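What the coordinates show
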Amino acid sequence: MPDVFVNYRTGDEESAATMIARELARRFGRERIFFASDSIKPGHRFPVELIRAVEECEALLAVIGPRWAEVRGADGRPALQAEQDWTRREIQTALERGILVIPVLVGKATRIDPTVLPDDLRELADRQYRRFDHRNAESDLTALGDALARLLPDLGEVDRDGRAARERAETRSRKKSAQDAGPTRMRTRDVEQRVRGGIGNLNGDLSGTFVNEPQGPVNTGRGHQYNAPHFQGDNTGVQFTAGDNSGTVHQRFERERRRSDGER
């Protein structure tokens, strides 16, 4: 059962109708798009197939070019005025059954003039339409397909372009998440390694000297810890500082401890 019926008039933009039908078939699947010259099998009765397809479709696209209302039949009158005109009958059947009918105005075709329509097609002039221009064929076909995918949920589920777009978006999202998580994992690992190495309290932005549980003010800047300005405490223990202090701080505290104990 087709979801979309492509209606057109011979002698008025058959090429545009063909492009529309083929693009929609590519995007949603050939079995979901009815286009008379491709969908009716050889030997089948086209009147029966046409009416059946219209009655079973979810939407009908009425492809209308500049000559749509002017093409004349065998009697010399506008074909649109003949009750047996198939273009007219297909649209009329869809309107009577409450099927979604979307006019597709091609090229220089302007908004439909209700005065040229027979009474049973008069409401076609009030329907919101889409445009198709050969110069903007790609973007116009994309817009038409997107509209159908939104309006008809069954088409949206089989939309090849929509699925591809979702997959691309998911891939970009995964890559971005991985990129954002990389620096965080590196920072976390660096801190964990420093903590496991015996660092107690961390001062600064992790770029200077790290001090293990200081008892007073300690210089934590870059470089060697020579001539530390001031240390507080009873000096009975040894204050260990990170960095290459060349033994300067350790020796000073050892001398102080010996003097307080009366040692030489």
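Above this text sits the structure in question.
What you see is a predicted model; the values in this text were computed from it and never measured.

Among the nonpolar cores identified, the biggest contains 26 residues, and Val4, Ile20, Leu24, Leu61, Phe132 and Leu148 are the most heavily contacted of them. Mapped by element, the contributors of at least two residues to this core are strand E1 (4–7), helix H1 (14–28), strand E3 (59–64), strand E4 (100–106) and helix H5 (137–151). With 7 residues, H1 is the largest single contributor of residues to this core. Formed by 24 residues, the second largest nonpolar core is a distinct cluster that contains Ala53, Leu80, Ala94 and Ile99.

What follows is about the environment of Phe28. With respect to the helices and strands, the residue Phe28 is situated in helix H1. Under the relative-accessibility criterion, Phe28 is labelled buried at 2%. Considered as a pair, Phe28 and Gly156 are 128 residues apart in the sequence and their alpha carbons are 8.2 Å apart. Not counting residues up to four positions away in its chain, the partners in contact with Phe28 are Gly145, Ala149, Leu155, Val158, Asp159 and Arg160.

Moving on, we come to the side chain of Glu90. You can see Glu90 is positioned in helix H4 (residues 86–96). Setting aside anything within four residues of it in sequence, one finds Glu90 in contact with Phe5, Asn7, Leu50, Val54 and Leu60.

On to the packing of aromatic side chains. To describe a pair of aromatic rings, you give the distance between the ring centres and the angle between the ring planes. All told, the structure shown has 3 aromatic pairs when counted by the stated rule. Note on Phe5 and Phe34: the rings are 4.8 Å apart at their centroids and 15° apart in plane angle, and the pair reads as stacked. Separated by 29 residues along the polypeptide, Phe5 in strand E1 and Phe34 in strand E2 (residues 33–34) bring together distant segments of the chain. Accessibility classification places Phe5 together with Phe34 in one group, the buried group. Lying across the ring of Trp68, Arg9 places its NZ or CZ 5.9 Å from the centre. Between Arg89 and the ring centre of Trp86, over which it is positioned, the NZ or CZ distance is 4.1 Å.

Glancing now at the pattern of salt bridges. Counted according to the given criterion, the structure contains 14 salt bridges. A salt bridge links Arg27 to Asp161; its shortest N-O distance comes to 3.9 Å. Taken together, the residues Arg27 in helix H1 and Asp161 in helix H7 (residues 160–196) connect sequence positions 134 residues apart. Between Arg52 and Glu49 there is a salt bridge whose closest N-O contact spans 3.1 Å. Of this pair, Arg52 and Glu49 both sit in helix H3 (residues 46–56), 3 residues apart, which is roughly one turn of that helix. Residues participating in the shared-partner salt-bridge network are Glu23, Arg26, Arg27, Asp146, Asp159 and Asp161.

Strand order in this open sheet of 5 strands is E2-E1-E3-E4-E5, and the pairing throughout is parallel. Looking at strand neighbours, the two that pair on one side only are E2 and strand E5 (130–132), the edges of this open sheet. Relative to E4, E3 is paired through 6 bridges, and the arrangement is parallel. In the strand pairing of E4, Val63 is matched with Val104. In this fold H1 packs onto E1, E2, E3, E4 and E5, with an angle of close to 150° to the strand it touches most, E3.

Attention now moves to the packing of H3 against H4. Where H3 contacts H4, the two axes come as close as 9 Å, and the packing angle between them is 30°. One finds that H3 runs roughly parallel with respect to H4. Note that H3 runs across H4; the crossing there is right-handed. Counted together, Phe46, Pro47, Leu50, Ile51, Val54 and Glu55 of H3 and Trp86, Arg89, Glu90, Thr93 and Ala94 of H4 form the full contact between these two elements. The residue inventory of the contact of H3 with H4, partitioned by class, reads 7 nonpolar, 1 polar and 3 charged.

Of all the residues in H3, the buried ones are Glu49, Leu50, Ala53 and Val54. Taken around the axis of H3, the buried residues stretch over an arc of 125°, which confines them to a single face. Buried-residue contacts for H3 involve E1, E2, helix H2 (36–39) and H4.

Reading the values: rules and limits
Residues numbered from 1 in each chain as written. Predicted model: local features only at pLDDT ≥ 70, side-chain atom pairs only at ≥ 80, totals over all residues. Heavy atoms only, no water. Core = buried A, V, L, I, M, F, W, Y, C linked by side-chain atoms within 4.5 Å. Buried < 20%, exposed > 50% of the residue type's maximum accessible area, 1.4 Å probe, protein only. Helix = DSSP H or I, 4+ residues; strand = E, 2+ residues; numbered from the N terminus. Contact = heavy atoms within 4.5 Å. Phe/Tyr/Trp six-rings, centres within 6.5 Å; stacked < 30°, edge-to-face > 60°. Lys NZ or Arg CZ within 6 Å of the ring centre and 35° of its normal. Salt bridge = Lys/Arg side-chain N within 4 Å of Asp/Glu carboxyl O. Pairing = 2+ DSSP bridges. Axes fitted to C-alpha atoms, helices over the stretch in contact; angles between N-to-C directions. Parallel < 35°, antiparallel > 145°, perpendicular 65-115°, else oblique. Left-handed = near helix turned anticlockwise from the far one by under 90°. Nonpolar A, V, L, I, M, F, W, Y, C, P; charged D, E, K, R; others polar. Arc of directions from axis to C-beta.

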